[in-house]
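The residues making up each chain are set out below.
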Amino acid sequence: MTGGDIIEAVVKSLIIIVALLTAFAYMTLYERRILGRMQLRSGPNRVGPAGLLQPVADGVKLAFKQAITPRGVDKPLYLLAPAISVVTALSAFAVIPVGPTYNIFGRAIPFHLADFNVGLLFVLAMGSLGAYGIVLAGYASNNKYSLLGGLRAAAQLISYELALGLSLVGILMISGSLSLTAIVEGQARGLWYILVQPLAFVIYLISAIAETNRAPFDLVEAEQELVGGYHTEYTGLRFALFFMAEYINMVTVSALAATLFLGGWHGPFDLLSGPWWLLAKIILILTLYVVLRATLPRLRYDQLMRLGWHWLLPLALLNVVLTAIGITLLQ
Amino acid sequence: MRAYVPVLLLLGFVIANAVLIIGISHLTMRARPTPVKSSAYESGIPALGDARERFSVKFYMVAMLFIIFDIETVFMIPWGVYYRQLSCAVPLLASGVCPPGNISFFGLGEMLIFMAALLVGLIYVWKKGALQWD
Amino acid sequence: MAIAPPRGDTAANGTQVILSGDSMTINMGPQHPSTHGVLRLVLDLEGETVTRCEPVIGYLHTGFEKTYEEKTYLQGVVLTDRMDYLAPLSNNLGYALAIERLLGIEAPPRATVIRVLLAELTRINNHLVWLGTQALDLGAMSAFFYCFREREVLLDLFEMMSGARLMTSFIRPGGLMADLPDGWIERAESFLREFPGHIVEYESLLTENEIFKERTIGIGILSPEQAQALDLTGPSLRACGIPWDLRKLAPYCGYETYDFAVPTLTGGDVYDRYLIRMAEMRESTKIALQAIDRLPTGPVMTADRKIAIPPRAELATSMEALIHHFKLVSEGFKPPEGEVYTCIESPKGEIGFYLVSDGTGKPYRCHVRAPSFINLQSLPPMSVGGLVADLVAIIGSIDPVLGEVDR
């Protein structure tokens, strides 16, 4: 590894972190504005032009909140939990290719941080690890509502995880690779995989929404039931870390959905360059997230489990079989 | 291994970022605890008992099944990646396509047997009511 | 650490919930987002299954019933607003009817028709808040804002006629506070004409929504026998299949002359309670429109000067009016000795006022049969055996207002 490679990796890492944190900040604003539009109100529009400085104001407010650490918390775990959440959320993006290889400053720079042969597994693994943050927060808080939230996180994980993994097997069979770059290139050559794997796309999307704990699967925080669930006892920036993790996870699974099913950075026309295509697709899926949140009631956690085991898992298996038969016959 | 170095680097930055934010929170957020404020929230009144009592987890059976099924899923991933090769009697062409007339049902049959075993297991636990934890 | 001894309760279907001793006791409320105020529930949970549910009330105790004894009958009207603050006009009406029976008078025809109109608008108002919060309890946030958009129109109407949006105190013993202002009827009518369209809007969000049905069908079932044994009234009772509606069974204010149906269903679950209230909003719209059509002209306050406060204009010219005014304001009217119980169908069920007069200007005793309070006792049998998430849906479906529970 040359010095140039190291510098390149450092710069890319920093860009990823800054980009994701910015995406988080503006996702909160975007969500609130869209929700406002859907709910006959305007959403935050007072801080800065069109409310664009609202995330800054929120950040400053959270930074200067009182630090309330309840009695009886398991202090190391209590502080570790939000860190785990945000670390796994930010790391998962490492293998997602945001564009083809560009020549910048006379150097061929691939637009992804890393491209290794198990890239897809890495994203899934990081996503699953994120659940630890929530479970630990629930346990460490010494609060019954938090505990219930943490347990729900575990219940949720075992409900969607199988279907999430299986829904992607069909893609692996078509692309023949776990490398996300190879998957995007496969789509750039042929059809976007949403056209050949529509069932897998639906299963993935449902599971991914469950993985990011978003409505209608926001069981772990469910303010009407568990007040705030796992983050009930967190204030200020510590709470912000959970919030950050949640939104960054949304961005990541949207980016993954775009990469796996919607052609990633590949666009049908040369209107936009690669990264902008990807961004447009991510925003599309994020909008879907917000629309779902505004529309749907919340599932109960036994119902989510039933959905996962009785519907998504068999359907995902069916999808694998159909894909296998299809590939064999078309060979 | 080289491909992993940038990821480790990112991981380092990300951990530093988390530590930094928690550190900042220690500097900017001031604690003014009072006995009531620092009690655990339980709808605004003193908690009944403790959150660390023995607690019933209804879905542990599903959780055990999950581990079994998850491992089976993991087996399918390498199979999926090599499926094109497995369904071709001769080595694939460089373009990743099977030469015509060389279809093999080996990969398909192999996985169908595996999947049948998995499905039988799923149906068994389903009928046994192991997924009905309520 | 001492582990609480296992406790059990009987589920709605009569089965004893068996406990393993791993239950957790938890306070849900008084400060909880979905206990509709300051209701406190002490829950025993096994996993998330509710094995015991014990409502603890009194966190909003205001002493209204005692306060009535220190107020003249007229002053008491303002207290009725504050009990069920989502249906103030309905409470006003029940109280006014009780006093009118005690006095042996009747409100003039115009006042009676306006009362019906207002009672039905209040029912719509109440059901809108209920629908919004019920949907919110289940995690569907948008319906709430749509409901409050229409509620805003109603509150504007209330403000237009009485000056207050919530605490209207508009229906008084003997009639109304004042006649409706110019343009009020037109605004109310245009609202009522377009309101059924809005109901369709809400229903499109919820009625056929699979998740909503999944969360509400078969949840919190009460059999008709249980419902009657628990003295349940209102939409929750009608969702069990019992067509009990005081507007039909013991008509007041001429309800027998209006054309409306009493919707009933037989499921007795949260979903049926939802459907019943949606149907009731439609029926209320019908009744209110009929009231507007038949609205007679005439006074809105009884002509009896011993009861009605004289108009401001007369005070400058009539000595007698001035004396009446002074006596009514300082002492109030004095009903004959006796006691009376009058009940009406409020949006939440049967609200009854039991008044005892000792012949003075203040009631000797005023007891309120508050539907929220009595309906609340159906909560434990409905919720035991369900999950915490179901409990939240069930609380919403009973539609309690804690101001009325704790009087």
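Residues numbered from 1 in each chain as written. Chains lettered and ligands numbered in written order. Predicted model: local features only at pLDDT ≥ 70, side-chain atom pairs only at ≥ 80, totals over all residues.

Some words on the overall build of chain C
The helix and strand inventory of chain C stands at 17 helices and eight strands. A principal-axis box enclosing the C-alpha atoms of chain C has dimensions of 80 × 45 × 35 Å. Residues counted as buried form 52% of the 407 residues belonging to chain C. At a minimum sequence separation of 6, the contacts of chain C that also span at least 24 residues come to 69%. (Helix = DSSP H or I, 4+ residues; strand = E, 2+ residues; numbered from the N terminus. Buried ≥ 20, exposed ≤ 12 C-beta atoms within 10 Å, placed from the backbone. Contact = placed C-beta atoms within 7 Å.)

Re the overall build of chain B
Check the secondary structure of chain B and you find four helices and zero strands. Each helix and strand of chain B, placed in order from N terminus to C terminus, yields the pattern α-α-α-α. Relative to the 2.2 N^0.38 estimate, which gives 14 Å for 134 residues, the radius of gyration of chain B is 27 Å and therefore markedly larger than a compact globule would have. Once the C-alpha set of chain B is aligned to its principal axes, its extents read approximately 80 × 50 × 20 Å. Scored against the burial criterion, the 134 residues of chain B give a buried share of 22%. Counting only contacts in chain B whose residues sit at least 6 apart along the sequence, the fraction spanning at least 24 positions is 33%. (Rg over C-alpha atoms; globule rule 2.2 N^0.38 Å.)

Some thoughts on the sheet that holds strand β2 (residues 40–46) of chain C
Residues and elements named next belong to chain C. Pairing is antiparallel across the open sheet formed by three strands, whose spatial order is β1-β2-β3. Pairing within the sheet leaves two strands with one partner each, and these edge strands are β1 (24–28) and β3 (49–56). Averaged over all neighbouring strand pairs, the angle between strand axes comes to 20°, with direction disregarded. Inspection of the sheet shows β2 paired to β3 by seven bridges, in the antiparallel sense. (Pairing = 2+ DSSP bridges. Axes fitted to C-alpha atoms, helices over the stretch in contact; angles between N-to-C directions.)

Section: the UniProt feature "transmembrane region" (unreviewed entry) in chain B
Residue and element names in this part refer to chain B. In the numbering used here, UniProt assigns the feature "transmembrane region" (unreviewed entry) to residues 6–27, 59–83 and 103–126. Between the C-alpha atoms that bound residues 59–83 there is a distance of 35 Å. The span itself is 92% helix and 0% strand. Spanning residues 103–126, this segment combines 88% helix with 0% strand, and its end C-alpha atoms are found 36 Å apart. (UniProt positions renumbered as here; feature names shortened; annotations may be inferred.)

Examining the interface of chain C and chain B
Often, the extent of an interface is quoted as the loss of accessible area on bringing the components together. Counting residues at the interface gives 18 residues for chain C, matched by 14 residues for chain B. Mapped onto the side of chain C that touches chain B, the elements with two or more residues apiece are β1 and β2 of chain C. Top contributing element to the side of chain C that touches chain B by residue count: β1 of chain C, with five residues. Among the residues forming the side of chain C that touches chain B, the class breakdown is eight nonpolar, eight polar and two charged. (Nonpolar A, V, L, I, M, F, W, Y, C, P; charged D, E, K, R; others polar.)

A look at the pairing of β1 of chain C
Residues and elements named next belong to chain C. With five of five residues buried, β1 lies mostly within the body of the structure. Of the two faces of β1, both are covered, the one formed by Met24, Ile26 and Met28 as well as the one formed by Thr25 and Asn27. As paired elements, β1 and β2 share five bridges and run antiparallel to each other. The residue of β2 that forms the bridge with Thr25 is Asp44.

Side note on the environment of Arg187 of chain C
Residues and elements named next belong to chain C. With respect to the helices and strands, Arg187 occurs in helix α6 (residues 184–206). We classify Arg187 as partly exposed; it has 15 C-beta atoms within 10 Å. With 87 residues separating them in the primary sequence, Arg187 and Glu100 have C-alpha atoms 30 Å apart.

A word on the UniProt feature "domain: NADH-quinone oxidoreductase subunit D" (unreviewed entry) in chain C
Under the UniProt annotation, the feature "domain: NADH-quinone oxidoreductase subunit D" (unreviewed entry) is placed at residues 137–407 of chain C. Span residues 137–407 of chain C is 49% helix and 11% strand, its end C-alpha atoms 25 Å apart.

Topic: the sheet that holds strand β8 (residues 363–369) of chain C
Residue and element names in this part refer to chain C. Strand order in the open sheet formed by three strands is β6-β7-β8, with antiparallel pairing between adjacent strands. Looking at strand neighbours, the two that pair on one side only are β6 (338–346) and β8, the edges of this open sheet. Each neighbouring strand pair of the sheet contributes to a mean axis angle of 15°, computed without reference to strand direction. Helix α3 (residues 88–103) rests against β6 and β7 (349–357) of the sheet, and its axis sits at about 150° to β6.

So, the interface of chain A and chain B
Facing the 66 residues of chain A at the interface are 59 residues of chain B. Within the residue set of the side of chain A that touches chain B, elements represented by two or more residues are α1 (3–38), α3 (75–91), α5 (144–167), α6 (169–175), α11 (236–261) and α13 (301–330) of chain A. In the side of chain A that touches chain B, the residues fall into 43 nonpolar, 14 polar and nine charged.

Some points on the nonpolar core
Membership of the largest hydrophobic core comes to 251 residues, with the highest contact counts inside it found for Leu241 and Ala257 of chain A. When residues of this core are assigned to their parent elements, the largest contribution, 17 residues, is made by α11 of chain A. Formed jointly, this core draws a minimum of three residues from each of two domains, domain 1 (7–56) and domain 2 (64–369) of chain C. Ala257 of chain A has contacts with Tyr204, Leu205, Ala208, Leu262 and Ile285 of chain A, leaving out every residue within four places of it along the chain. (Core = buried A, V, L, I, M, F, W, Y, C linked by C-beta atoms within 7 Å. Domains from an automatic or database assignment.)

Thoughts on unusual backbone geometry
Going from Ala215 of chain A to Pro216 of chain A, the amide bond is cis rather than trans, its omega being 5°. The phi dihedral of Ser169 of chain C is positive, around 45°, even though this residue is not glycine. Following the sequence through the fold, Ser169 of chain C ends up in the loop between α5 (142–162) and β4 (171–172). With 22 C-beta atoms counted inside 10 Å, the residue Ser169 of chain C sits in the buried group.

A few points about the environment of Leu379 of chain C
Residue and element names in this part refer to chain C. Turning to its location among the elements, Leu379 is positioned in helix α15 (residues 379–383). In this structure Leu379 comes out as buried when scored by C-beta crowding, with 22 C-beta atoms within 10 Å. Setting aside residues no more than four positions away along its own chain, Leu379 makes contact with Cys53, Pro55, Ile394, Ile395 and Ile398.

Side note on helix α12 (residues 274–295) of chain A
The terminal C-alpha atoms of α12 of chain A lie 32 Å apart, and with 22 residues this matches the ideal 32 Å at 1.5 Å per residue to within 8%. For α12 of chain A, the set of buried residues is Gly274, Trp277, Leu278, Lys281, Ile282, Ile285, Leu286, Tyr289, Val290, Arg293 and Ala294 of chain A. The elements touched by buried residues of α12 of chain A are α1, β1 (99–104), β2 (107–111), α9 (198–211) and α11 of chain A together with α5 of chain C. (Expected span 1.5 Å × (residues − 1).)

Regarding the domain arrangement of chain C
When cut into domains, chain C gives domain 1 (7–56) and domain 2 (64–369). Computed from C-alpha atoms alone, the centre-to-centre distance between domain 1 of chain C and domain 2 of chain C is 33 Å.

Digging into the packing of α1 of chain A against α12 of chain A
Residue and element names in this part refer to chain A. Where α1 meets α12, the axes come as close as 10 Å, and the angle between the chain directions of the two elements is 45°. In terms of axis orientation, α1 runs oblique to α12. For α1 against α12, the interelement crossing comes out right-handed. Each of Met27, Glu31, Ile34, Leu35 and Met38 in α1 lies in contact with α12, whose residues at this interface are Leu286, Thr287, Val290 and Ala294. Residues that form the contact of α1 with α12 fall into these classes: seven nonpolar, one polar and one charged. (Parallel < 35°, antiparallel > 145°, perpendicular 65-115°, else oblique. Left-handed = near helix turned anticlockwise from the far one by under 90°.)

Considerations on the packing of α3 of chain A against α11 of chain A
Helices that pack against each other are described as a pair by the angle of their axes relative to one another and the distance between those axes. Residue and element names in this part refer to chain A. Interhelical geometry of α3 versus α11 gives an angle of 25° and a closest axis separation of 8 Å. It follows that α3 is roughly parallel to α11 by the angle criterion. As α3 runs across α11, the sense of the crossing is left-handed. Side by side, α3 and α11 meet where Pro82, Ala83, Ser85, Val86, Ala89 and Leu90 of the first sit next to Arg238, Leu241, Phe242, Met244, Ala245, Ile248, Asn249 and Thr252 of the second. A breakdown of the residues in the contact of α3 with α11 according to their chemical character gives 10 nonpolar, three polar and one charged.

Focus: the confidence of the model for chain B
In the predicted model, chain B carries a mean pLDDT of 79, and the fraction of residues at 70 or more is 94%. No element of chain B has a lower mean pLDDT than helix α3 (residues 83–86) of chain B, at 78, and none a higher one than helix α1 (residues 4–28) of chain B, at 85. (pLDDT = per-residue confidence, 0-100.)

With respect to the environment of Ile325 of chain A
All names here are of chain A. With respect to the element layout, Ile325 can be found in helix α13. C-beta crowding within 10 Å serves as the criterion here: with 14 such atoms nearby, Ile325 is assigned to the partly exposed category. Each C-alpha atom of the pair Ile325 and Gly274 lies 33 Å from the other, and the pair is 51 residues apart in sequence.

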